[in-house]
Amino acid sequence: MSTDRSDQLRAIRDAIVNLKSSPLYEYRVSNRYFPVIGQGDHYADIMFIGEAPGKNEAETGRPFCGASGRVLDELLKSIDLKREDVYVTNILKDRPPNNRDPLKNEIELYTPFLEQQIEIIQPKVIATLGRFSMEFILRHFGAYQSNQKISQLHGTVVKARTNYGRVSVVPLFHPAAALYNSSQRETLEKDFQVLKQFDAPAQPGTMRLL
Ligand code: URA
């Protein structure tokens, strides 16, 4: 791909906006929701991948802007990272009704866009948030051994190869798990420390919606 990263991400946004074949398209349009493509620095070293937009996200078009997003911000702050230093996106780009789990056909439909986002941004570290994201990313990079559970892999570093070089995948629990459970919150705080070993950004990031 030869064009500027922002142009490439805009092309992904346009394709998703018009994704009438999605089973979530009618739900988006009838609720006047937005698709949620991603947000952050297009040159980020660290990409966070969540599950799917919730209500707040679908109403604003911004990932992790509700209660889970506040937890994510606090966790980032605990390791001296800001949102503008990283890139944040999701497996699904549209909100599933009542925040139900993503379905297999939805994951199949939306993840080619995620794969393109990874190829464009070329993160050195991918932090997966929750089991759907972990499973998809580890499978995508051929690093998933069947039946591996997030309860075993959280807070570890899984090395993988991509077309653009090496990537370290860090499976993390979803921030929503920490909302009402203080021991999950402590686990997430501890696991976030793993991200500290990767270099701090050389220069402040640029926050972009897309
Ligand atoms: N949960 C997610 O997985 N993603 C969001 O963007 C918000 C909540």
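Above this note sits the structure.
In this convention, every chain numbers its residues from 1, walking through the sequence in written order. It should be noted that, the model being predicted, local features are given only for residues of pLDDT at least 70 and side-chain atom pairs only at 80 or more, the latter also being counted only at that level, while totals for whole chains, interfaces and linings use all residues. Computation of side-chain values: all heavy atoms of the structure, hydrogens and water removed.

**Q** Honestly, the site of the ligand in this entry has me stumped. Any pointers?
**A** Contacts to the ligand come from Gly 50, Glu 51, Ala 52, Glu 57, Pro 63, Phe 64, Asn 90 and His 174. Contacts described as polar in this section are N or O atom pairs within 3.5 Å, which, within protein, must combine one atom able to donate a hydrogen with one able to accept it, while residues neighboring in sequence count only if both atoms come from side chains. Within the side chain of Asn 90, one N or O atom sits 2.8 Å away from a nitrogen atom of the ligand. Computed with the Shrake-Rupley method and a 1.4 Å probe, the accessible areas treat only the protein chains shown as cover for residues. Against a free-state accessible area of 240 Å², the protein chains account for coverage of 92% of the ligand. Along the lines of polarity and charge, the residues of the shell around the ligand split into three nonpolar, three polar and two charged. In these notes, residues near a molecule or strand are those with any non-hydrogen atom within 4 Å of it. The residue classification treats Ala, Val, Leu, Ile, Met, Phe, Trp, Tyr, Cys and Pro as nonpolar and Asp, Glu, Lys and Arg as charged. All others, Gly included, are polar.

**Q** Please clarify how the nonpolar core should be interpreted in this entry.
**A** The nonpolar side chains of soluble globular proteins are, as a tendency, buried together. Residues Phe 48, Ile 137, Leu 172, Phe 192 and Leu 195 are the most contacted members of the largest nonpolar core, which totals 58 residues. Sort the elements by how many residues they give to this core and helix H5 (residues 104–121) lands first, with seven residues. Working rule for contacts: check all heavy atoms of both residues, and any pair within 4.5 Å makes them a contact. Beyond its immediate chain neighbours, meaning those up to four positions away, Phe 192 contacts Phe 48, Leu 72, Leu 75, Leu 76, Ile 79 and Leu 172. Working definition of a nonpolar core: buried Ala, Val, Leu, Ile, Met, Phe, Trp, Tyr and Cys residues. They are joined through side-chain atoms within 4.5 Å. Burial status follows relative accessibility: with a 1.4 Å probe on protein chains alone, a residue under 20% of its type maximum counts as buried, one over 50% as exposed, and anything between as partly exposed. In DSSP terms, a helix is any run of H or I states spanning at least four residues, a strand is any run of E spanning at least two, and both are numbered starting from the N terminus.

**Q** Is there a simple way to think about the packing of aromatic side chains in this case?
**A** Pairs of aromatic rings are described using the distance from one ring centre to the other and the angle between the two planes. For this analysis, a ring pair means two rings from Phe, Tyr or Trp (six-membered ring only for Trp) whose centres lie within 6.5 Å, classed as stacked if their planes differ by under 30 degrees, edge-to-face if by over 60, and tilted for the remaining angles. Scanning the model with the defined rule gives two aromatic pairs in all. Their ring planes at 75 degrees and their centres at 5.7 Å tell us that Tyr 27 and Tyr 33 sit as a pair that is edge-to-face. Relative to Phe 192, the ring of Phe 48 has its centre 5.8 Å away and its plane inclined at 15 degrees; by these criteria the two rings are stacked. Placement of Phe 48 in strand E2 (residues 46–50) and of Phe 192 in helix H8 (residues 182–192) is noted, with a sequence separation of 144 residues between them. Pair check on accessibility: Phe 48 and Phe 192 agree, each one buried.

**Q** Can you walk me through the side chain of Glu 51 in this structure?
**A** Mapped onto the elements of the fold, Glu 51 is located in the loop between E2 and helix H3 (55–60). Under the counting rule used here, the positive set is Lys and Arg, the negative set is Asp and Glu, and His together with the chain ends is not counted. In the sections that follow, a salt bridge refers to a side-chain nitrogen of Lys or Arg positioned within 4 Å of a carboxyl oxygen of Asp or Glu. The side chain of Glu 51 sits in the buried core without any salt bridge; Arg 131 is the nearest counter-charge, 6.4 Å away.

**Q** Would you take a moment to explain the sheet that holds strand E3 (residues 87–90) for this structure?
**A** Paired through their backbone hydrogen bonds, the strands of a sheet run either parallel or antiparallel. Think of it this way: DSSP has to see at least two bridges between two strands before they count as a pair. In space, the seven strands of this open sheet follow the order E5-E6-E4-E2-E3-E1-E7, with mixed pairing throughout. Two strands close off the open sheet at either side, each with one partner strand: strand E5 (158–162) and strand E7 (208–209).

Everything listed is a geometric property; what it means functionally is a separate question.
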